[in-house]
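Summary of the model geometry
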Amino acid sequence: MTSPAEQAQSLTPAAIEAAYGLIQPYVHRTPLLTCKTLDSIASTPQSPESLVGTPFEGQTPARPKFRLFFKCENLQRIGAFKARGAFHALLRLIEERGEEEVRRRGVITHSSGNHAQALALAASTLHIPAHIVMPSISTSSKIAGTRSYGANVVFSGSTSVEREAVVAEIQAKTNAILIPPYDDFNIICGQGTTALELNAQYTEQVRSEHTLDAVITPVGGGGLNSGVATFFSDKPTRVFGAEPAYEGADDCRRGLQAGERVTKVSTLTIADGLRTPVGLLNWEVISNKCKVEGVFAVTEEQIKAAMRLVLERMKVVVEPSAVVGLAVCLFDEEFRRRVEEESGEKGWDVAIVFSGGNTTVEAIAKLFG
């Protein structure tokens, strides 16, 4: 079997482009939005009080200049970027094994909700039976969405270990073919098409004479971040990741600091799509500093503050996982100082991927009530 390190060598911009050619008929070209108000807020120095208890306490707050561009995958089919990877992985599986075998055996995955809905949609579209293992605490709208596409939903505990155990039980009974939620070559290539689109939109619509300075994506299992990093690996655009810090959800950041992948995560962060450890193949990409220049972590309160701004100022519905990148721009003083030091008055054009919008009115009310 090919090792993750060997597979990573095949993750190239050309592989992302090939994936895009395959999935285009099945996914939306989501908008790239701007918001002058959020540019202004992000470019305003933090108060000295907000730096108390941090390594920057007592120092003059950074004065970065941001021009933000928001890739709205919350408006993707099923409300998240995961539709890209699911369609790509299933289409490639049918190419490799034949439609008859895949239809006879069916497919299976585990997910807290967005990949669950994505694979359910792809399987329904391509007439393939699907079994989806979901944590029992998944958002109700994600469960309902998955069921609406005709998938067989089976519940499990919230950790990746508990999910995978239920997957193994179902596979033993059905012989269904596993399509992983993030640790998979074809999933990564599909997610990377997000970067292909946003780069083209930035060039066409916004600043054709300029190169995008940076892209920030959420990091859960790492499929989106490693796919985006793969696309930009031969371009000057910097790629960063963002995670919640709550209860050790920042496994990628901690792993990079320690020089070793963290294999287990058990957290109930409000960013429920980011509760999983980074996958093996994903880690090969993200731990390469030539591809991903850093991963930052934000608090639950910072996530909520960023989400409030998007809801109230942009009038865009997002889930908590989607705004961790914006929270980094708003609150992470290390990142903000880097932007100031490297760009000065010029500032950075930063694309932030809004990874999904699968939340409910009740969930939003609970967060802000």
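Scroll up to find the structure this text is about.
It should be emphasised that the depicted structure is a prediction, and the values quoted were computed from it without experimental measurement.

The sheet built from 6 strands is open, its strands ordered β1-β2-β10-β7-β8-β9 with mixed pairing. At either margin of the open sheet sits one strand with a lone partner, and together these are β1 (32–33) and β9 (294–298). Bridging between strand β7 (residues 214–218) and strand β10 (residues 348–354) involves 3 bridges; their strand directions are parallel. Note that in β10 the partner of Val215 across the bridge is Ala351. Helix α13 (residues 300–314) rests against β1, β2 (66–72), β8 (238–244), β9 and β10 of the sheet, and its axis sits at about 90 degrees to β9. Helix α14 (residues 324–331) rests against β2, β7, β8, β9 and β10 of the sheet, and its axis sits at about 100 degrees to β8.

Turning next to the pairing of β9. A regular strand carries its side chains on alternate faces of the sheet. Among the 5 residues that make up β9, 5 are buried, leaving the element largely enclosed by the rest of the structure. Judged by which residues are buried, β9 turns out to be covered on both faces: Gly294, Phe296 and Val298 on one side and Val295 and Ala297 on the other are all buried. Sheet topology note: the β8/β9 ladder contains 5 bridges and is parallel. Its bridge partner being in β9, Ala242 is matched across the sheet by Phe296.

For the rest of this paragraph, the subject is the packing of aromatic side chains. Given two aromatic rings, their pairing is described by the distance between the two centres and the angle made by the two planes. Under the counting rule described, the total for this entry stands at 10 aromatic pairs. With centroids separated by 5.2 Å and ring planes inclined at 90 degrees, the aromatic side chains of Phe69 and Tyr202 adopt a geometry described as edge-to-face. Linking Phe69 in strand β2 with Tyr202 in helix α9 (residues 185–206), this pair joins segments that are 133 residues apart in sequence. Exposure remark for Tyr202: the relative accessible area of 1% places this residue in the buried category. Aromatic side chains Phe231 and Phe232 sit 5.1 Å apart centroid to centroid with 80 degrees between the ring planes, which places their arrangement in the edge-to-face category. Members of the aromatic cluster, each reached through a chain of ring pairs, are Phe66, Phe240, Phe296, Phe335 and Trp348.

It is possible for side chains bearing opposite charge to pair when their charged atoms get close. Across all of its chains, the model carries 21 salt bridges by this definition. Of the charged contacts in the structure, one is a salt bridge between Glu95 and Arg92, with a shortest N-O distance of 3.1 Å. Here Arg92 and Glu95 lie together in helix α4 (residues 82–97), a separation of 3 residues that amounts to about one turn. With a relative accessible area of 51%, Glu95 lands in the exposed category. With a closest N to O distance of 3.4 Å, Arg337 and Glu333 form a salt bridge.

Cut-off values and rules
Residues numbered from 1 in each chain as written. Predicted model: local features only at pLDDT ≥ 70, side-chain atom pairs only at ≥ 80, totals over all residues. Heavy atoms only, no water. Pairing = 2+ DSSP bridges. Helix = DSSP H or I, 4+ residues; strand = E, 2+ residues; numbered from the N terminus. Contact = heavy atoms within 4.5 Å. Axes fitted to C-alpha atoms, helices over the stretch in contact; angles between N-to-C directions. Buried < 20%, exposed > 50% of the residue type's maximum accessible area, 1.4 Å probe, protein only. Phe/Tyr/Trp six-rings, centres within 6.5 Å; stacked < 30°, edge-to-face > 60°. Salt bridge = Lys/Arg side-chain N within 4 Å of Asp/Glu carboxyl O.

By themselves, these observations are geometric and do not establish any function.
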